[in-house]
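Each chain is listed here by its residues.
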Amino acid sequence: IPLLDDLYVLIVDDNEDARDIAKMGLEYEGAMVDVAASAAEAMVRLSTVQPDVIITDMSMPGISWR
């Protein structure tokens, strides 16, 4: 039984392998997953969709969380 049925997740990570692995695992558990390779790309996606959860890499080029 999938644990995350109908949960919409946005993954934001500049590492393609990390995005792919996270996406595969979440989809296996039933989540609907979208990915973005940068904060700017994520902001574009967020202008049209509202994910339930955002999973993000905290140390991406071009953005500071401080």
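Our structure is the block above this text.
A. Region of the structure containing the sheet that holds strand β1 (residues 8-12). Judged by pairing direction, the sheet is parallel, and its 3 strands sit side by side in the order β2-β1-β3 without closing on themselves. Two strands close off the open sheet at either side, each with one partner strand: β2 (32-36) and β3 (53-56). Neighbour-to-neighbour, the strand axes of this sheet turn through a mean angle of 20 degrees, independent of strand direction. Pairing between β1 and β3: 4 bridges, direction parallel. Counted as the bridge partner of V9 is V53 from β3. Against the sheet, helix α1 (residues 16-28) touches β1, β2 and β3, its axis set at about 170 degrees to β2.

B. Representation of the side chain of D13 in the model. With respect to the helices and strands, D13 occurs in the loop between β1 and α1. Buried D13, no salt bridge; nearest opposite-charge side chain is R19, N-O distance 5.7 Å. Setting aside residues no more than four positions away along its own chain, D13 makes contact with A18, R19, A36, A37, D57 and M60.

C. Representation of the environment of D14 within the structure. Position of D14 relative to the elements: it lies in the loop between β1 and α1. The class for D14 is partly exposed, based on a relative accessible area of 36%. Distance from D14 to D57, taken between C-alpha atoms, is 7.6 Å for residues 43 residues apart in sequence. Apart from the residues within four sequence positions on either side, D14 is in contact with R19, A37, D57, M60 and P61.

D. Representation of the side chain of R19 in the model. Here R19 lies in helix α1. The side chain of R19 sits in the buried core without any salt bridge; E16 is the nearest counter-charge, 4.8 Å away. Polar contacts involving the side chain of R19 include one to the main-chain carbonyl oxygen of D13, which spans 2.7 Å. Not counting residues within four places of it along the chain, the set of residues in contact with R19 comprises I11, D13, D14, V35, A36 and A37.

Each value, and the rule that gives it
- The residue numbers shown here count from 1 along each chain, following its written sequence.
- Note on the predicted model: pLDDT of at least 70 is required for a residue's local features to be given, and 80 or more for side-chain atom pairs to be given and counted; whole-chain, interface and lining totals, by contrast, use all residues.
- Only hydrogens and water are set aside when side-chain values are computed; all heavy atoms of the structure are taken into account.
- Pairing between strands requires that DSSP locate at least two bridges from one strand to the other.
- Comment: elements are numbered from the N terminus, with helices defined as DSSP H or I runs of at least four residues and strands as E runs of at least two.
- Axes here refer to lines fitted to C-alpha atoms; in helices the fit is confined to the stretch in contact. Angles between the N-to-C directions go from 0 to 180 degrees.
- Any pair of residues with heavy atoms lying within 4.5 Å of one another is described as a contacting pair.
- Throughout, exposure labels follow a simple rule: accessible area from a 1.4 Å probe, protein chains only, divided by the maximum for the residue type, with under 20% read as buried, over 50% as exposed, and the rest as partly exposed.
- Counted charges follow a simple rule, with Lys and Arg positive, Asp and Glu negative, and His plus the chain ends left uncounted.
- Any Lys or Arg side-chain nitrogen found within 4 Å of a carboxyl oxygen on Asp or Glu counts as a salt bridge.
- Whenever two N or O atoms come within 3.5 Å, that pair is a polar contact, provided that in protein one can donate a hydrogen and the other can accept it, and provided that, for residues adjacent in sequence, both atoms are side-chain atoms.

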